[in-house]
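Next come the chains, spelled out residue by residue.
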Amino acid sequence: MYDVVLLTLGSERDAPGGCGSGGACCGGATGADTAPTSQTDTGHANTDQANSDQTGTGQASTDTGQCATERPRVPVLACADALNARGARVETVTARSDAEIDAVLARLDGPARPDGLTWPDPDSKTRLVVATASDGQLRAVLRRLVKRYAPAPSKRPADLPGNRTLPDLPPVAVLPLDPARGGTHRDLAAQLGLPRDPAAVAAAVLDGTPRRLDLLRNDGGSVTLDGALLGAADDAGRPLHWRARVEVDDTILTDGAEPLLACAVGNAGGYATLNDVTLLTAPDPADGQVEVAVAVPVVVRSAWGRKRVRLEVRRARGRAVSVLPREGKVPYLDDGVEGELTRKRSWWVEPGAWAVWSI
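Residues numbered from 1 in each chain as written. Predicted model: local features only at pLDDT ≥ 70, side-chain atom pairs only at ≥ 80, totals over all residues. Heavy atoms only, no water.

Observations concerning the packing of helix α2 (residues 98–105) against helix α3 (residues 135–149)
The following threshold applies: To get an axis, fit a line to the C-alpha atoms, keeping to the stretch in contact for a helix; angles then go from 0 to 180 degrees between the N-to-C directions. A run of H or I in DSSP becomes a helix once it reaches four residues, and a run of E becomes a strand once it reaches two; helices and strands are each numbered from the N terminus. What sets the label is the angle itself: under 35 degrees gives roughly parallel, over 145 gives roughly antiparallel, 65 to 115 gives roughly perpendicular, and the rest give oblique. Note on convention: near helix rotated counterclockwise from far helix by under a right angle means a left-handed crossing. Clockwise means right-handed. What makes two residues a contact is simply this: any of their non-hydrogen atoms within 4.5 Å. Residue classes follow a fixed rule: Ala, Val, Leu, Ile, Met, Phe, Trp, Tyr, Cys and Pro count as nonpolar, while Asp, Glu, Lys and Arg count as charged, and any other residue, Gly among them, counts as polar.
With their axes 10 Å apart at the nearest point, α2 and α3 run at an angle of 70 degrees to one another. By the angle between their axes, α2 is roughly perpendicular relative to α3. With respect to the hand of their crossing, α2 and α3 are arranged in right-handed fashion. Contacts between α2 and α3 pair Asp98, Ile101, Asp102 and Leu105 from the former with Val141, Arg144, Leu145, Arg148 and Tyr149 from the latter. When the residues that make up the contact of α2 with α3 are grouped by side-chain class, the tally is 5 nonpolar, no polar and 4 charged.

Listed below in structure tokens is the structure:
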């Protein structure tokens with residue numbers, strides 16, 4: 001039978017400075033002064049409550065989410081009960097820092113390799129369930145998996161696929177904690193059709209098969225699971241103009257001379273539309289490509305000579321995309337996490353690099 005770890009992050013959101021980005025998950029605690037909270041079988045965990053307002057390099061956030069409550073949330077307890085009923089050995093862990101996430105992920109390591117690399121165990125009897133209040137929290141765990149298992153370019157092994165920079169990451173099960181995100185404003189779990197009921201998630205962990213998905217890595221040291229949306233609006237909701245050079249493989253969508261209203265980088269469909277405008281037409285998280293769109297306001301003249309502005313959407317698909325801001329800071333959302341782009345940012349596809357347990 002399997003050992004199952006139910007992992008919850010100690011912050012409501014993946015705020016800069018929080019879990020997965022080098023600092024504490026909440027309240028300024030760090031791995032040096034906080035130990036991971038775990039409890040076997042009972043599903044109870046004790047956590048501290050605090051507020052955080054943190055800003056990281058190249059990102060901005062006003063997130064002041066509260067830490068986890070004294071007990072795991074009801075879906076976590078229900079999932080633990082369902083797993084226990086099937087004979088699994090269950091442990092719940094609340095992680096408040098990168099170090100505490102890493103301590104959980106270490107259980108997925110494979111046997112020592114002759115080249116000294118840390119590699120995931122494809123036959124591991126330990127399975128991981130990530131309880132997520134947001135896609136940013138799931139991303140925080142995947143970011144730590146990448147950091148753990150991606151070899152340095154100088155240590156690239158011969159058994160690594162030629163189109164990848166990291167091995168197959170261990171599958172994770174996703175336990176969504178926000179029922180509303182399964183509706184109109186869909187999270188990644190809803191887009192992928194993953195179960196949301198705790199008992200169904202438990203069944204996927206024990207009886208399911210890995211469904212491999214593409215991962216976007218970027219040169220900022222992070223990852224993207226769903227997508228990114230660049231641009232901003234004023235207080236009245238009117239989109240603000242900005243400029244950037246946007247390239248997809250060898251295709252230039254804009255050279256930076258003309259104003260943009262938005263740019264969508266899509267691995268999945270979370271940012272496929274903006275208001276009533278379709279940006280991405282067919283984002284697919286398992287096709288080995290990223291779909292990119294820019295929305296450009298274009299001034300045209302009617303037959304009567306009157307000027308009007310229409311929105312032109314340009315799209316391209318490829319293996320990599322780069323966005324180079326031409327002036328100032330460009331606000332963005334990446335898997336729901338706020339940030340500001342001040343220099344060139346590149347994303348590239350790692351085909352089939354991560355996986356979810358599904359039935």
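Some remarks on helix α5 (residues 198–207)
In plain terms, the rule: Under the scheme applied here, a residue whose accessible area is under 20% of the maximum for its type counts as buried, over 50% as exposed, and between as partly exposed, the area being computed with a 1.4 Å probe on protein chains only. Whenever two N or O atoms come within 3.5 Å, that pair is a polar contact, provided that in protein one can donate a hydrogen and the other can accept it, and provided that, for residues adjacent in sequence, both atoms are side-chain atoms.
Buried residues dominate α5, accounting for 7 of its 10 residues. Taken together, the buried residues of α5 touch β1 (3–9), α1 (74–85), β4 (126–132), β5 (172–176) and β19 (345–358). Of the residues that open α5, the one with a side-chain oxygen 3.1 Å from the backbone nitrogen of Ala199 is Asp197.

Considering the nonpolar core
Nonpolar side chains in soluble globular proteins generally cluster together in the buried interior. Rule in force here: Within this scheme, the nonpolar core is defined by two criteria: the residues are buried Ala, Val, Leu, Ile, Met, Phe, Trp, Tyr or Cys, and they are joined through side-chain atoms within 4.5 Å.
Core analysis: the biggest nonpolar cluster contains 34 residues, and Leu128, Leu138, Leu142, Leu169 and Trp354 have the highest contact counts within it. Top contributing element to this core by residue count: α3, with 7 residues. Once you skip the residues sitting within four places of it in the chain, Leu142 turns out to touch Leu169, Val172, Val223, Leu225 and Trp354. In terms of nonpolar packing, the next biggest core, distinct from the first, is built from 25 residues, Leu216, Val292, Leu341 and Trp347 among them.

Some remarks on the pattern of salt bridges
This is how the line gets drawn: The term salt bridge refers to a pairing of a side-chain nitrogen on Lys or Arg with a carboxyl oxygen on Asp or Glu at a separation within 4 Å.
Going through the model one piece at a time under the given rule, you end up with 22 salt bridges. With its nearest N and O atoms 3.4 Å apart, the salt bridge here joins Asp334 to Arg139. Here the residue Asp334 occupies a position in strand β17 (residues 330–334), and Arg139 occupies one in helix α3, the gap between them amounting to 195 residues. Three or more residues joined by partner-sharing salt bridges are found here, namely Glu258, Arg310, Glu312 and Arg314.

Focus on empty space enclosed by the protein
Our working rule: A pocket, in this scheme, is an open set of points on a 1 Å grid over the protein atoms alone with protein on both sides within 12 Å along at least 5 of 7 lines, while a cavity is a set where a 1.4 Å probe fits but cannot get out; residues line either one if an atom lies within 4 Å of a point. Grid points are joined across faces, edges and corners, and a volume is the space filled by probe spheres set on the points.
Considering all chains together, one arrives at 1 cavity of 30 Å³ or more under this definition. Along the walls of the largest cavity sit 13 residues, with Thr132, Asp135, Pro176, Asp187 and Ala189 positioned nearest its centre. Within the lining of the largest cavity, the residues separate by chemical class into 7 nonpolar, 2 polar and 4 charged.

A closer look at the pairing of β17
The criterion, for reference: Two strands make a pair as long as DSSP finds a minimum of two bridges between them.
Burial along β17 is one-sided: Val330, Tyr332 and Asp334 are buried, while Pro331 and Leu333, pointing the other way, are not. Across 5 bridges, the pairing between β17 and strand β18 (residues 337–341) is antiparallel. Counted as the bridge partner of Tyr332 is Gly339 from β18. Linking β17 back to β18 in an antiparallel pair, the connection comprises 2 residues, with Asp335 at a positive phi of about 55 degrees.

Remarks on α1
So the rule is basically this: To estimate how far a helix should reach, multiply one less than its number of residues by 1.5 Å. By definition, the arc is the one covered by directions from the helix axis to the C-beta atoms.
If you check α1, its first and last C-alpha atoms are 16 Å apart, about what 12 residues at 1.5 Å a residue would give, namely 16 Å. Turning to α1, its buried residues number three or more, namely Val76, Cys79, Ala80, Ala82 and Leu83. Considered in projection along α1, the buried side chains sweep an arc of 160 degrees and stay on one side of the axis. Along α1, exposed side chains directed more than 90 degrees from the buried face belong to Val74 and Ala85. Looking at the buried positions of α1, the neighbouring elements they touch are β1, β3 (89–95), β4, β5 and α5.

Let's talk about the side chain of Arg127
Our working definition: By the counting scheme adopted, Arg and Lys are positive, Glu and Asp are negative, and His together with the chain ends is not counted.
Following the sequence through the fold, Arg127 ends up in strand β4. Asp207 is the oppositely charged side chain nearest to the buried, salt-bridge-free Arg127, at an N-O distance of 7.2 Å. Within the local environment of Arg127, its side chain forms a polar contact with the side chain of Tyr2, the two groups lying 3.0 Å apart. Aside from chain neighbours lying at most four places away, what touches Arg127 is Tyr2, Asp3, Val4, Val5, Val205, Leu206 and Trp357.

Brief notes about the packing of α1 against α5
As a packed pair, α1 and α5 sit with axes 8 Å apart at the nearest point and diverge in direction by 45 degrees. Between α1 and α5, the interaxial angle falls into the category oblique. Between α1 and α5 lies a crossing of right-handed hand. Contacts from Pro75, Ala78, Cys79, Ala82 and Leu83 in α1 reach Pro198, Ala199, Val201, Ala202, Val205 and Leu206 in α5. A class-by-class count of the residues in the contact of α1 with α5 yields 11 nonpolar, no polar and no charged.

Section: the environment of Ala233
For Ala233, the position within the fold is in the loop between β8 (227–230) and β9 (244–248). Under the relative-accessibility criterion, Ala233 is labelled partly exposed at 44%. Taking the C-alpha atoms as reference points, Ala233 and Leu261, 28 residues apart in sequence, are found 8.8 Å from one another. Those residues within four positions of Ala233 in sequence are excluded, and the remaining contacts are Arg238, Pro239 and Leu240.

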